[in-house]
Amino acid sequence: MAYVVDRVVVCDAFREPDKHYLILPGGKSRLVEGRRPSKRFLASAKEVKGGLAGILAKQANLFEDNLEAIQEENTFVNALRDELRVWRQGGYQGVAEVSKHLLRWWFDRDEERHRERKRFFFCQQEAVEAVIYLYEVKRHRFAATGDLVRYALKLATGTGKTVVMALLIVWSTLHKAKVAGSSLSNNFLVLVPNLTVLSRVRGVDRETGQSLGPGLDPANEENLYDLFDMVHPDYRNEFRPSVQVRNWQSIPLVASREDWIGEDVVAEGRFLPASIIWQMQRRRRQDPGAVVRRALGNWRDVVIINDEAHHAYGEKQTRKDEEPGFIRWNKIIDRLKEGVRVPLVVDLSATPWYGSGSPKPDGTLFEWVVTDFSVYDSFESGLVKVVRLPDPGEKQETYLDLWDQVKDAKTKEEYLSACKGAIASAYSSWAKAYSEWASSMERLLYDVPAPVLLVVTSDATRAAWVFEHLSRDYELLRNPDDEDRRKWVTIQVDSKIFDADKGNEAVLREMVNTVGKKGKLGEHVRAIVSVNMLSEGWDVKSVTHIVGLRAFGSPLLTEQVVGRGLRRTSYEVLYKPLDDRMRDKDNSDEETVDALGIPFIGFPVERRRHPKAGDWSHKPFWIGPAEDKERFAIRVPNVRSWAVGYTVPLAKALDVDTLPELVITPKETPARITLRPVVGGSAEAVMTLDEFRREYPVLRSEFILARELYELTNPGEALELGIGPTFEELLEVVSEFVDRRVRAEGASRLQDIGIYYWTRRALDILETALKGVPVGHQPVPILGDPEFLDTRALKRFQWTGVLADGKKCHTNKVPCHTDLERQFADFLDGAGDVLAYLKNERFGFSVTYYENNRPRQYYPDFIVQAEDDRGQSVWWLAETKGEIHPNTAVKRQAAESWCERVSRTQYGPWHYLFVPQIPFQKAVQAGVRTFAELVDALGAAGATLRMTGGRSA
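Thresholds applied
Residues numbered from 1 in each chain as written. Predicted model: local features only at pLDDT ≥ 70, side-chain atom pairs only at ≥ 80, totals over all residues. Heavy atoms only, no water. Helix = DSSP H or I, 4+ residues; strand = E, 2+ residues; numbered from the N terminus. Buried < 20%, exposed > 50% of the residue type's maximum accessible area, 1.4 Å probe, protein only. Contact = heavy atoms within 4.5 Å. Areas by Shrake-Rupley, 256 points an atom, 1.4 Å probe, with all protein chains shown as cover. Phe/Tyr/Trp six-rings, centres within 6.5 Å; stacked < 30°, edge-to-face > 60°. Lys NZ or Arg CZ within 6 Å of the ring centre and 35° of its normal. Pairing = 2+ DSSP bridges. Axes fitted to C-alpha atoms, helices over the stretch in contact; angles between N-to-C directions. Salt bridge = Lys/Arg side-chain N within 4 Å of Asp/Glu carboxyl O.

Student: Sorry if this is basic, but what is going on with the overall build of the chain here?
Tutor: Broken down by element type, the chain carries 29 helices and 38 strands. For the chain, the residues scored as buried account for 56% of the 953 residues in total. Within the chain, contacts between residues at least 6 apart in sequence are counted, and of these 73% link residues at least 24 apart. In the form shown here, the chain has an accessible surface area of approximately 40800 Å², with 49% of it arising from carbon and sulfur atoms.

Structure (structure tokens):
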């Protein structure tokens, strides 16, 4: 059945999976290197029968027949993965500039997005890259989709499909705005299967108009575009999409009374002439897309996004004369493309298979699937909770498969007798988790939701039996003797309620959609009894226990049924380095869910007695401003840019001797040189190192460096105003830098500065220096939004890393990434001349520096307010460092320049302190006790850096 492993999470959620569990016969597995190929298991030929179970392999024979089984590989998906990897590493060539800027803004700023907690999962990145690559570079069209450009993205539960939709909306909107003759659109129709998904995807309640959280509605104050900083700053004025999120059932295919006039209709007291009526009806017959087009406000073009797209080809015929749902869904698309231009259709689903009643065999994969991030990848990357099965030897082990025990029960007594033990066991474990939650101070301070018990049954009758049993016989799940469902803590739901808009079913829909949300109808829900499966879009994250009392004939059913209960309460732990999490033998960082009665065929699981769903355990820890420590509040200017001009000769304003040294080493110098423009461009020629040195003397390379710096420091506005440095000034600075700050070691030569690898590093140093060069007048800081960063406005967040007490810090605890940061925080707490300090985590303070010709944000570790020997307040940026990286020197240079500039304004004085681990620890051991003493000690230790092309000493 399931394969039990010591640790389910083995991959970084933000990187391409680099290992996976290989399923072996007998329910065993082995961890292997490399990404899991996209494939499906087909049963051996002798076992193949009609229906989904036959295609996905019978449960009982999945492992035993694995050697005989046909493993059908998704060749297109696997080949595309390799193409995308090469394209990604090559800098996204072959697309419009706006697309390239967006891709780099989203995926090339790991450090900034990591610190801001706005980083995208790899599966989201790959999905967006695939659509853009196929549309712009390959211009690929699938034969199965006819004249439609249509791509399907297979993304498992918990991978954030709505974020992918938002990224695609940003790309298409800005491509339409910035690219002449763009074939894309800024109009979007997002089709969803039910009202639950509609409200969640929009982020706005369809009835009240109240915000439900970040969604796709750009007019909502809470939206995904702002939450994840998706729109590049250069394009914010052009981002004006029109987004309609519609339940597909609400889009008409037949004209209503308002859309047409019949022969017997009277207008203004007179019958219309028959000729006019005939013309109107004729026009309607000739334009079958008019009704759909009119419903969308007469858009001329539209990008269609289908959420939970398996419904488009998977709805059963429910009544004798009723056509299957997939026909209706796809008629909407067909009618739209008849009346408006549809440049692109994107399908998103965890299970993009043809379903019952569709034109292809049940379970066949959509032919236009382009990416595959399966539920197995989702487990192994930590995007969902880890499933824990009962410990061996425990009585609960008998509850691994409950369907055989209950399937033949005919009466309520027989049924409950067969499943009471499993329910009691699950309740006992759930009650323990609930007790821990109820006694936790975090739930009171931060509105943490209660743990939820989910029971899945096979039909409505049996669901009613279980509902009555739970709500009557278990104290914590007992409903009040009241027909008002809004007071219930245990509820029973089925698929019908997710489209209900009135009566008790609408109340239940609201309750199940808002489970655990403060001030909502579902705030007090503790247990849910569901028929068959919960609907797509159900987004409750606090499920800790699941009991399955229905048949699970395939992995697909297991994923559909249980996936609703696997969503994490917090993704904070995913920002913790994977190596650190792997060293935790107890896996205490991972959120878990207990499962009884569900086979989890082919899924990686762990064994554990008690589950943990994050928030009411000790990890993650909530960080936020503490009311009793407001005297340590920090308020600093949010300087984003400067208004400066070069009013003195640049060579005099810039002290080249203060710049980081660049050491050229033979280890990083390639033997064969590819010539290309420094900024962008494609390969021009290849020559050996000796040929390059003959062709490119130092003077020629200096001219190239100066030319690139001139383009970087003289953008359009600066060139028009004449405030930038001249080429001659830059050439003089470059020559001095090469003469005095560039050194070649070993077999390297100074001519090698012209090699792109070393030119790029020289440009990073010089560009950062030029951006911060002191000029002959007072610099004017340009403040961002907000103009000042204040710890009083700091939003609470969860933290899974190291903690320090923070006696002089406004937050309740100090969130630290390393023990060195904790040690430094402890030192600041004890230093008598430190007035207050802040660990710069989620605070938003950053300094701009340049790397690979792109602006980057550097987040110093600490902001410190100290007192000098005259009793004056002095501000410090402090960076603790245990390991030196290639960009450390450039960051330090940018921070020192920022401090020097700000000190010349009304916001000074500011200084920068670099705190290497060993000198710091030696200083503390030697008896340094004040901040001033530490500054002197580190200065005496000569804590300086020199750059060495990939390493620093």
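Student: Before we go on, may I ask you to explain the packing of aromatic side chains in this structure?
Tutor: Each aromatic ring pair is specified by the distance between its two centres and by the angle formed by the two planes. Scanning the model with the defined rule gives 33 aromatic pairs in all. With centroids separated by 6.3 Å and ring planes inclined at 50 degrees, the aromatic side chains of Tyr837 and Phe862 adopt a geometry described as tilted. Of this pair, Tyr837 sits in strand β31 (residues 834–839) while Phe862 is found in strand β34 (residues 862–867), placing the two residues 25 residues apart along the sequence. The buried category is assigned to Phe862, whose relative accessible area is 0%. In this structure an aromatic cluster arises from ring pairing among Tyr427, Trp430, Tyr434, Trp437 and Tyr474. Taking NZ or CZ as reference, Arg635 lies 3.9 Å from the ring centre of Phe788, over its face. Sitting over the face of the ring of Tyr696, Arg700 holds its NZ or CZ atom 3.9 Å from the ring centroid.

Student: Hey, could you run me through the sheet that holds strand β6 (residues 150–155) in this one?
Tutor: The strand order β8-β7-β11-β12-β6-β13 describes an open sheet built from 6 strands, whose pairing is parallel. Edge positions in the sheet fall to β8 (242–247) and β13 (369–373), since each of these pairs with one other strand and no more. When strand polarity is set aside, the average angle formed by the axes of neighbouring strands in this sheet is 15 degrees. Sheet topology places strand β7 (residues 187–192) next to β8; 6 bridges connect them, and they run parallel. Paired with Asn187 across the strands is Ser242, a residue of β8. Here helix α7 (residues 195–202) sits on the sheet and contacts β7, β8 and β11 (303–307); the angle it forms with β8, its principal contact strand, is near 160 degrees.

Student: Which parts of the structure should I look at to understand the pattern of salt bridges?
Tutor: Between side chains of opposite charge, a pair can form as their charged atoms come close. Within the structure shown, the criterion is met by 52 salt bridges. Between Arg760 and Asp764 there is a salt bridge, with its nearest N and O atoms 3.3 Å apart. Taken together, the residues Arg760 and Asp764, both in helix α25 (residues 756–771) and 4 residues apart, mark about one turn of the helix. A salt bridge links Asp805 to Lys813; its shortest N-O distance comes to 3.2 Å. Where salt bridges share partners, they join Arg115, Arg117, Glu572, Glu821, Lys839, Glu841 and Arg842 into one cluster.

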